[in-house]
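If you want the building blocks of each chain, they are given just below.
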Amino acid sequence: MRGAETRTEIVGAADRLFYQGGFAHTSFADIAAAVQIARGNFYYHFKSKDEILEAVIARRVERTTALLAQWDEANPTPRSRLSAFVRLLAVNGDKIMAYGCPVGSLATELSKLMHEARGPAVALFDLFRDWLAEQFRALGCSEPEAQALHLLMRSQGIAVLANAYRDPAFVAREMAAMEDWIDAAITPQRSAIP
């Protein structure tokens, strides 16, 4: 049992370190130090940093899937579910201002590195995109996939600028603007994306 717990601790520490400092700038030694495990014991659980990255992405997929299910259960309407997505910017506001979006920053870094895990990292965006499209579709929107990508794009842009400017007032204004955009997008006469 301790082996599974140690592996979980390693993946959790790596997830945090990859988010805070980036995948490329995080070493085996950094992760081992965070978990307080000898490097020899570390290699028992993971042979390479790429194996850890794979486990981190799997962890993020699992957590994102659980989050989306939680939003489905806690919010009775598709419109309130879309608001739950918007509120994620406030819920994680301090972390986003300090480190950016964990999904966007990892996907961007792996793309720049031309890393083979880029596809699985981008799959995290796919989870959000597909879930958002489902909400827009349930609201009778004519272009649910385009609207989902637009909302995802706006949230990523806000996260980038929140990280750059570290201005909570900006984030609050943009969240309100996203809510207004959603209302306009789900009004049948004005469903086209600006």
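Starting afresh in each chain, residues are numbered from 1 along the sequence in its written order. Restriction of local features to residues with pLDDT of at least 70 applies here, the model being predicted, together with a cutoff of 80 or more for giving and counting side-chain atom pairs; totals for whole chains, interfaces and linings are based on all residues. To get the side-chain values, take all heavy atoms of the structure and skip hydrogens and water.

1. Details of the overall build of the protein
As a reminder of what qualifies: By the criteria applied, helices consist of DSSP H or I runs no shorter than four residues and strands consist of E runs no shorter than two, each listed in order from the N terminus. Burial classes: relative accessible area under 20% of the type maximum marks a residue as buried, over 50% as exposed, and values in between as partly exposed (1.4 Å probe, protein chains only).
What the protein contains, in helices and strands, is ten helices and zero strands. Listed N to C, the secondary structure of the protein is α-α-α-α-α-α-α-α-α-α in terms of helices and strands. Projected onto the principal axes, the alpha-carbon positions of the protein cover approximately 65 × 35 × 30 Å. Counting the 194 residues in the protein, one finds 44% classified as buried.

2. Side note on the packing of helix 5 (residues 78-91) against helix 8 (residues 118-138)
For clarity, the cut-off: Orientation is described by axes fitted as lines to C-alpha atoms, over the contacting stretch for helices, and by angles from 0 to 180 degrees between their N-to-C directions. By convention the crossing between two helices is left-handed if the near helix lies anticlockwise of the far one by an angle smaller than a right angle, and right-handed if it lies clockwise. Note on contacts: a residue pair qualifies if any of its non-hydrogen atoms lie within 4.5 Å across the two residues.
One can describe the packing of helix 5 onto helix 8 by two numbers: an axis separation of 8 Å at closest approach and a directional angle of 145 degrees. Considering the relative orientation of helix 5 and helix 8, their crossing is left-handed. Counting all contacts with helix 5, which are made through P78, R81, L82, F85 and L88, the residues of helix 8 involved are F128, W131, L132, Q135, F136 and A138.

3. Observations regarding helix 10 (residues 168-185)
In plain terms, the rule: In a helix, the anticipated span is given by 1.5 Å times the number of residues less one.
Compared with an ideal rise of 1.5 Å per residue, which puts 18 residues at 26 Å, helix 10 spans 25 Å between its outermost C-alpha atoms and is within 8% of the ideal. When we look at burial in helix 10, the residues that qualify are F170, V171, M175, M178, E179, W181, I182, A184 and A185. Check the buried side of helix 10 and you find it contacts helix 5, helix 8 and helix 9 (144-165).

4. A closer look at the confidence of the model for the protein
To keep it simple, the criterion reads: Confidence of the predictor at the level of single residues is given by pLDDT, which spans 0 to 100.
Per-residue pLDDT for the protein has a mean of 94; in total, 96% of the residues score no lower than 70. Mean pLDDT across the secondary structure elements of the protein bottoms out at helix 3 (residues 39-45), with 83, and peaks at helix 4 (residues 49-74), with 98. pLDDT under 50 marks residues 189-194. Its contacts with residues more than four places away, or in other chains, come to twelve contacts.

5. A word on the layout of surface pockets
So the rule is basically this: Cavities and pockets were defined on a 1 Å grid built from protein atoms only: a cavity is a group of points that admits a 1.4 Å probe but offers it no way out, a pocket is an open group of points flanked by protein on both sides within 12 Å along at least five of seven lines, and a lining residue is one with an atom within 4 Å of any such point. Grid points are joined across faces, edges and corners, and a volume is the space filled by probe spheres set on the points. Put simply, Ala, Val, Leu, Ile, Met, Phe, Trp, Tyr, Cys and Pro go in the nonpolar bin, Asp, Glu, Lys and Arg in the charged bin, and everything else, Gly too, in the polar bin.
The calculated volume of the largest pocket comes to roughly 800 Å³. In this structure, the largest pocket is lined by 29 residues; those nearest its centre are T64, L88, N92, P102 and V103. Those elements that place two or more of their residues in the lining of the largest pocket are helix 1 (2-21), helix 4, helix 5, helix 6 (93-99), helix 7 (102-112), helix 8 and helix 9. For the lining of the largest pocket, the residue count by class is 16 nonpolar, six polar and seven charged. Here the second largest pocket is characterised by a volume of approximately 310 Å³.

6. Let's talk about unusual backbone geometry
Despite not being glycine, Q36 shows a phi value in the positive range, around 60 degrees. As for its position among the elements, Q36 is in the loop between helix 2 (28-35) and helix 3. For R166, which is not glycine, the phi dihedral falls at a positive 55 degrees. On the secondary structure map, R166 appears in the loop between helix 9 and helix 10.

7. Some remarks on the pattern of salt bridges
What counts is decided by this rule: We define a salt bridge as a contact between a side-chain nitrogen of Lys or Arg and a carboxyl oxygen of Asp or Glu at a distance within 4 Å.
Taken as a whole and assessed by the stated rule, the structure comprises eight salt bridges. The closest approach of N and O atoms between D15 and R60, which form a salt bridge, is 2.7 Å. Taken together, the residues D15 in helix 1 and R60 in helix 4 connect sequence positions 45 residues apart. Here the residues in one salt-bridge network are D15, R59 and R60, joined through shared partners.

8. Looking at the packing of aromatic side chains
Our working rule: Pairing of aromatic side chains requires ring centres within 6.5 Å, counting the rings of Phe and Tyr and the six-membered ring of Trp. Pairs whose planes differ by under 30 degrees are stacked, by over 60 edge-to-face, and all others tilted.
Counted according to the given criterion, the structure contains nine aromatic pairs. When the centroid spacing of 4.9 Å and the interplanar angle of 80 degrees are considered together, the rings of F28 and F42 count as edge-to-face. Here F28, found in helix 2, pairs with F42, found in helix 3; they are 14 residues apart in sequence, far enough to count as distant. For the residue pair F28 and F42, the accessibility class agrees, reading buried in each case.

9. Considering helix 2
Applied cut-off: The directions considered for the arc run from the helix axis to the C-beta atoms.
Turning to helix 2, its buried residues number three or more, namely F28, I31, A32 and V35. Looking straight down helix 2, one finds its buried side chains confined to an arc of 100 degrees; they lie on one side. Positioned one or two residues after helix 2, Q36 has a phi angle of 60 degrees, which is positive.

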